[in-house]
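Okay, here's what each chain looks like letter by letter:
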Amino acid sequence: MTEATSDYARPTALPEALALLAAGPRTVLAGGTDLYPATQAQRLAGPLLDITALDGLAGITAGPDGLRIGAGTTWTALAEADLPPALVALQQAARLVGGRQIQNAGTLGGNLCNASPAADGVPPLLVLGAEVELASVRGVRRLPLERFVLGVRKTALAADELLTAVHIPAAALAGRSAFVKLGARAYLVISIAMVAVRIVAERGQVVEAALAVGACSAVARRLPAVEAALVGAPLSEVAARITEAEVAAALSPIADIRGTADYRLEAACVLLRRAVTQALPVEEPA
Amino acid sequence: MNQPGRFATLTVNGRAIAATGDPARRLSDFLREEAGLRGTKSGCDAGDCGACTVIADGAAVCACLMPVGRLAGARVTTVEGLADAPGEAGTLSRLQSAFLRHGAAQCGICTPGMLTAAAALLAKKPRPTEAEAEVALGGVLCRCTGYRKILAAVCDAWREDVPEAPLAPGAAVGARVRRLDGVPKVTGADRFGADEWPEGALLLKAVRSPHFHAGFHFGDISAWKAARPGVAAIFTAADIPGRNRFGVIPAFADQPALAEGTARLRGEAVALVAFEPGAEPDLTDFPVTWQPLPYLLDPAEAEAEGAQLVHQGRPGNHLITGRVRRGDAAAALAASTHVVQGSMETAFVEHAYIEPEAGSAWMEGEVLCIRACTQAPVMDRDETAAILGLPPERVRVLPTAVGGGFGSKLDVSLQPLLGLAVLKTGRPARMVYTRAESMTSTTKRHPARITAQIGCDADGHVTALSFDGLFDTGAYASWGPTVANRVPVHATGPYRTPAVLARARAIHTHGPSGGAFRGFGVPQAALAQETLYDQLADLAGIDRLEFRLRNAFVEGDATATGQVLHGTGIHDCLTALAPHWTRALAEAAAANAAPGHLRRGVGVASCWYGCGNTSLPNPSTIRLGLTPEGTLVLHQGAMDIGQGANTVITQICADALGLPVEAFTLVGPDTFLTPDAGKTSASRQTYVSGRAAQAAGAALRAQILRLAGLNGAASLRLEAAAVVVEGETSHRVDLAALPPNPHGYALMAEETYDPPTAPLDADGQGTPYAVYGYGAQMVELEVDTELGTVRLLKITAAHDLGRVINPTLAEGQTEGGIAQGIGLALMEEYIPGRTENLHDYLIPTIGDVPPIESLLIERADPEGPFGAKGLGEHVLIPTAPAILNAVRHATGVTITRVPLLPHRLRAAILAKGAP
Ligand SMILES: Cc1cc2nc3c(=O)[nH]c(=O)nc-3n(C[C@H](O)[C@H](O)[C@H](O)COP(=O)(O)OP(=O)(O)OC[C@H]3O[C@@H](n4cnc5c(N)ncnc54)[C@H](O)[C@@H]3O)c2cc1C
Ligand code: FES
Ligand code: FES
């Protein structure tokens, strides 16, 4: 070994972590499942802030305002948690990220900060109206997820900030959700397209619909026009009301080795229909 | 904040280890380099392969994505910690024993990751369902097994293992003998290319071209070196003492070990840097200037008039054309009742073995020793010696365990580079390719563009085939000539075809070199021919299986090369599928009765494949000796790359000799210790080396019987320093009393076998192979017509092995070949510059391989040992066409390009008019 070692910090207290970030450029290291693959070297170049020992960064807590999901919560922890049906989509996504090993290490916060167009965590959070909590020595701020993930590998995170949590407002905990992912193989696959939906139904009709599509635009998007068209729909008609034209209007997919743009649009529409069907109650509530 | 020095204590396999150095170092690197736990493998350093899986505080994680500093106070279990009582024989865990029992480890490179991932599951769920096991192992790739035996082993791991009962002498052939080299594969003790190196070895890194085609020149290399104390030496082509040109087929040798002035290939090595042990192998700012040049990636453009030449002296970028002509195909097609015509296009396919190329080298006196993963030790020796200007006797190749080869480890890769550094510095050296280096710089399956026409008469008897194949052979010749020769011979498939005109040409581009990949072009040819057969059967109004049965070769039929066949099992294979076919068609029809976007389909395709070199000698020599002390030593030179040669060759030899498999001690393919058993390719080892082993066993037996004065049915038994022979009378052959020969053996037999073939004439007429193997596979699947995705339901594989030497290994080969066929059909497409990792280059995972039922057929071959034929490549050939045929059955869509990615299938469905 050479003596060249990186400056690696793994504090347990948030203020210490924030002070380190304030003191100078430092790479935040969570699960490492995005960071390590990005280098060919046998080490990550420093300075590093390993956040996996931080108190309170992992875990899900319920409060009067809704749910707080710590940024350091792993996919496995998410999948195994006891959560309301509105979060089923997020849990389904958690089970489809990479393989077990990736789910055991990779975190929700890392997924959001990495800002890949194919990040499976984003659509399920979009349909939950999620907000991110960003902390720095300057204070704590909250941003709607839509205003946090800005583009391919681009977020609103300031250099001295840590993503500490994701908040789900109480109102968004209503209804049922589903996540459907399309890839070219069974495991360890980047999404060609993926969708999340959340539907609130009353007396056989949709009263609220939230739909989001990933991997079909630089950042996953909600589909407000399609959502509006679903409100008031009888449950038997929901899928049919999702039209390709309206889905296409909301998206701007690229063509790459995994699929053509046209294919992605068409697939997104199919996946949305299947997701709403999956999310809808099997029996109408009394 | 952590500072250099001791920063953490972690508990690995119950032992406390103080970690020093960089806390941000990958745990995998720490375990392998510092803790000496090399059972943990590195296949990608990117989370994509799972070979590095360890259990950290109860959870399976990729050690390559984990900073060692995080594990302070944590408990880590590696494969070495899985045995009930590590270090003691006979104390494997039930999981490890189940892997051996089921044949779940082939090459063994994925096995540590599979075992640890499974152990993490079993700790929570001792008797998992298959679905649970699948999810737990979804993150570990295996390129050899097709996963089915791994799943079975994990689900069966709760059971106490019952050790194998010893077999009676003469009963080894046909028995499910566990791999003889299996135990180290499940304990993590097996040593692959990256797992061993001499103390103080320099670490080598190659500087590689980032361009498809570029001129280059070096800047001030000595200044760059001088500024970096960690750099011990730098080499370029100017340092190569011998002939800087290699190639598996000497007449076509055209590839430099280090490029000279021009790089013709993305990933081509242009310089070699030797780093001091422990130095960061950093090539940043290496003084090389590139002048990117126009490049050719399309073989049709490359052969067009006026195209630039990849190699001077190969006009039209034409490497070679192979041709078989029999009768007048054009006239016969014109006279046929039904004729179909079609095309097929295939992509570069990457071997994607989980072990990237790796090895080490050192000097022993005057001898350069190279220990590396390989499929062809003697070829490595000769090529390395020529490049380094050494006589072959001064190079000793000591192969390591090989973590998958599938054809690509036939060509030398890092052997000459290791040799160069060691020869020049006098110091030991080691080299491990990164995944990206492995993918960019080594060979691929040739992309093919095939057009073909096939005709039949009103009764569905095939009349003629015309076949034209354009194969992209990339920058260097490699095995391009073999593909061009093999394809026309096999173009008819295993079917009687009275008139044939088949041509295949290999054309250079600046793409990756087209090399050997399981099947040497025949899988591509079968895709064209077998999909056309379905169309022809439909035209003739004949059931697709029946159509094949009507045309399948039978004993005494002649091939397109005019060779008369014996031991011909294709009809048997298709017949064996018949009841499955009837059931599957009925089930599909029932499922399809209801409308919907899920459509079921059933497809069938056949294969045949000549074992051994095409019309060229390829002898194997096997030596068998008895020491004066009574140790029975088999010099087994057939590289076991996971396919099982160590076990199968021993089984054959054991029965020929009349002693049990347990009596054998194996000496592997070390070029100083073991005679040449040829390369592990062309499905030749079971047949060719097996025949040599059978002959050696029989010869030694004859010597023993002669000394005992007995013949025939006597039984043998080894005792201390003696062989006891029991016949009508009992005799003791006292080995200590016999003078040992120069090899140190009291008794020894060494036998060579070379398949009897005959050259092909200008029309491709002759006897290219002595033995052919046959098979047919049936695929049941479901197409999601809205998304263009395919879900495989079941594959039934009937293969004629002549004689099944080891059913477990045969099934394992079949399942592994099928998995690669699935990849070829549905997902694998290597795009240079785009898919140079296992994230973007997709190979099947455990969830992509359906249940497989193997039907092992035995139509003995008169040449094969105990009637056996080869199998290794055959098993891959029918899978992809059977999948395409099933997709057509399900959707009515004719597919002419693989891989059939979802967007391509959806586009084809739309083009036909959406169902
Ligand atoms: C084999 C494999 C398969 C994968 N499959 C999928 C998949 O199917 N779907 C998918 O969406 N992703 C997938 N990924 C990507 C990755 O696993 C996920 O994005 C994961 O959630 C990243 O989390 P992490 O904790 O490992 O992030 P890290 O690698 O630790 O960090 C990622 C980025 O986020 C920053 N960061 C992390 N946490 C914070 C924080 N709290 N505050 C500020 N910055 C932070 C880091 O600095 C870094 O830039 C896969 C990765 C691999 C290796
Ligand atoms: S080496 Fe870690 S996943 Fe491949
Ligand atoms: S046995 Fe799995 S990769 Fe070889």
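Each value, and the rule that gives it
- Residues numbered from 1 in each chain as written.
- Chains lettered and ligands numbered in written order.
- Predicted model: local features only at pLDDT ≥ 70, side-chain atom pairs only at ≥ 80, totals over all residues.
- Near = placed C-beta within 6 Å.
- Helix = DSSP H or I, 4+ residues; strand = E, 2+ residues; numbered from the N terminus.
- Pairing = 2+ DSSP bridges.
- Axes fitted to C-alpha atoms, helices over the stretch in contact; angles between N-to-C directions.
- Contact = placed C-beta atoms within 7 Å.
- Right-handed = clockwise from strand over helix to strand, strands pointing away.
- Domains from an automatic or database assignment.
- Nonpolar A, V, L, I, M, F, W, Y, C, P; charged D, E, K, R; others polar.
- Parallel < 35°, antiparallel > 145°, perpendicular 65-115°, else oblique.
- Left-handed = near helix turned anticlockwise from the far one by under 90°.
- Core = buried A, V, L, I, M, F, W, Y, C linked by C-beta atoms within 7 Å.
- Buried ≥ 20, exposed ≤ 12 C-beta atoms within 10 Å, placed from the backbone.
- Expected span 1.5 Å × (residues − 1).

**Student:** Which residues make up the site of ligand 1, and what values do they have?
**Tutor:** The immediate surroundings of ligand 1 are formed by 34 residues, with A30, G31, G98 and G110 of chain A together with G47 of chain B found nearest. More than one chain lines the surroundings of ligand 1; the residues nearby belong to chains A and B. For the shell around ligand 1, the secondary structure elements donating two or more residues are β2 (27-29), α4 (100-105), α5 (108-114) and β10 (162-169) of chain A. Looking at which element gives the most residues to the shell around ligand 1, the answer is α5 of chain A, with 5 residues.

**Student:** Describe the sheet that holds strand β28 (residues 747-753) of chain B, with residues and values.
**Tutor:** All names here are of chain B. With mixed pairing, the 4 strands of this open sheet are ordered in space as β24-β23-β22-β28. Each end of this open sheet is capped by a strand with a single partner; those strands are β24 (664-667) and β28. Each adjacent strand pair in this sheet contributes to an overall mean axis angle of 20°, direction not counted.

**Student:** I'd like a description of the sheet that holds strand β9 (residues 262-263) of chain B, backed by residues and values.
**Tutor:** All names here are of chain B. Pairing within the open sheet is antiparallel, and its 3 strands lie in the order β9-β7-β11. Because the sheet does not close on itself, it has two edges, and the strands there are β9 and β11 (288-292). In terms of strand pairing, strand β7 (residues 214-218) meets β11 through 5 bridges, oriented antiparallel. Following the sheet pairing, H217 is matched in β11 by T289.

**Student:** Quick one: what's the story with the interface of chain A and chain B, residue by residue and with numbers?
**Tutor:** Contacts between chain A and chain B engage 44 residues on the former and 51 residues on the latter. Going through the elements one at a time, β1 (8-9), β3 (48-50), α4 and α10 (261-279) of chain A are the ones with two or more residues in the side of chain A that touches chain B.

**Student:** How would you explain the pairing of strand β23 (residues 632-635) of chain B if you had to name every residue and give the values?
**Tutor:** Residue and element names in this part refer to chain B. Here strand β22 (residues 620-626) runs beside β23; their pairing, made up of 4 bridges, is antiparallel. Looking at the pairing, R623 lines up with H635 of β23. The hairpin formed by β22 and β23 contains 5 residues between the paired strands, and G630 there has a positive phi angle of roughly 95°. As for the winding sense of the linkage, the β-α-β connection from β23 through helix α17 (residues 645-657) to β24 is right-handed.

**Student:** Any details on the domain arrangement of chain A? Residues and values, ideally.
**Tutor:** All names here are of chain A. The domain boundaries assigned to chain A delineate domain 1 (8-50), domain 2 (62-172) and domain 3 (175-279). Facing the 24 residues of domain 2 at the interface are 26 residues of domain 3. Taken together, the elements giving at least two residues each to the side of domain 2 that touches domain 3 come down to α3 (88-96), α6 (122-126) and β8 (149-151). When residues of the side of domain 2 that touches domain 3 are assigned to their parent elements, the largest contribution, 5 residues, is made by α3. Of the residues in the side of domain 2 that touches domain 3, the class split is 19 nonpolar, 4 polar and 1 charged.

**Student:** Residue-level account of the packing of helix α3 (residues 111-124) of chain B against helix α4 (residues 130-137) of chain B, with values.
**Tutor:** Residue and element names in this part refer to chain B. Two numbers describe how α3 lies on α4: the axes approach to 9 Å, and their chain directions differ by 130°. The angle between α3 and α4 falls in the class oblique. Crossing of α3 over α4 shows right-handed handedness. The segment α3 lies against α4, with M114, A117, A118 and L121 engaging E132, A133, A136 and L137. The class makeup of the residues in the contact of α3 with α4 is 7 nonpolar, no polar and 1 charged.

**Student:** Mind laying out the domain arrangement of chain B, listing which residues take part and the relevant values?
**Tutor:** Residue and element names in this part refer to chain B. For chain B, the domain assignment lists domain 1 (1-166), domain 2 (202-295 + 355-404 + 408-441), domain 3 (518-613 + 769-912) and domain 4 (620-753). Domain 2 and domain 4 are separated by 38 Å when their C-alpha centres are compared. With 14 residues of domain 2 in contact, the opposing surface of domain 4 contributes 12 residues. Among the secondary structure elements, those contributing two or more residues to the side of domain 2 that touches domain 4 are α10 (377-388) and β16 (395-397). In terms of residues, the side of domain 2 that touches domain 4 owes the most to one element, α10, which gives 4 residues.

**Student:** Describe the nonpolar core, listing the residues and the values that go with them.
**Tutor:** Counting 419 residues, the largest nonpolar core has V195, V197 and A268 of chain A together with L272 of chain B as the members making the most contacts within it. It is α10 of chain A that provides the largest number of residues to this core, a total of 11 residues. Aside from chain neighbours lying at most four places away, what touches A268 of chain A is A193, V195, V213, C216, V247 and L251 of chain A.

**Student:** Can you explain helix α14 (residues 522-540) of chain B? Please cite residues and give values.
**Tutor:** Compared with an ideal rise of 1.5 Å per residue, which puts 19 residues at 27 Å, α14 of chain B spans 26 Å between its outermost C-alpha atoms and is within 8% of the ideal. The buried fraction of α14 of chain B amounts to 16 of the 19 residues, a majority that puts the element mostly inside the structure.

**Student:** Just give me the short version of the packing of helix α15 (residues 544-551) of chain B against helix α16 (residues 570-593) of chain B, but keep the residues and values in it.
**Tutor:** Residue and element names in this part refer to chain B. Relative orientation of the contacting elements α15 and α16 amounts to 165°, with a least axis distance of 10 Å. With respect to α16, the axis of α15 lies roughly antiparallel. Our pair here, α15 against α16, has a crossing hand that is left-handed. Of the residues in α16, those in contact with L545, R548 and L549 of α15 are H571, L574, T575, L577, A578 and W581. Taken together, the residues that form the contact of α15 with α16 break down as 6 nonpolar, 2 polar and 1 charged.

**Student:** Pulling in residues and values, what's your account of the environment of S93 of chain B?
**Tutor:** Residues and elements named next belong to chain B. With respect to the secondary-structure elements, S93 resides in the loop between β5 (75-77) and α2 (94-102). Sequence separation between S93 and V186 is 93 residues; the distance between their C-alpha atoms is 9.6 Å. Once you skip the residues sitting within four places of it in the chain, S93 turns out to touch L82, A83 and D84.

**Student:** So what about the environment of L134 of chain A? Which residues, and what values?
**Tutor:** All names here are of chain A. Relative to the elements of secondary structure, L134 occurs in strand β6 (residues 131-136). Owing to 23 C-beta atoms within 10 Å, L134 belongs among the buried residues under this scheme. Separated by 31 residues in the primary sequence, L134 and A165 place their C-alpha atoms 7.4 Å from one another.

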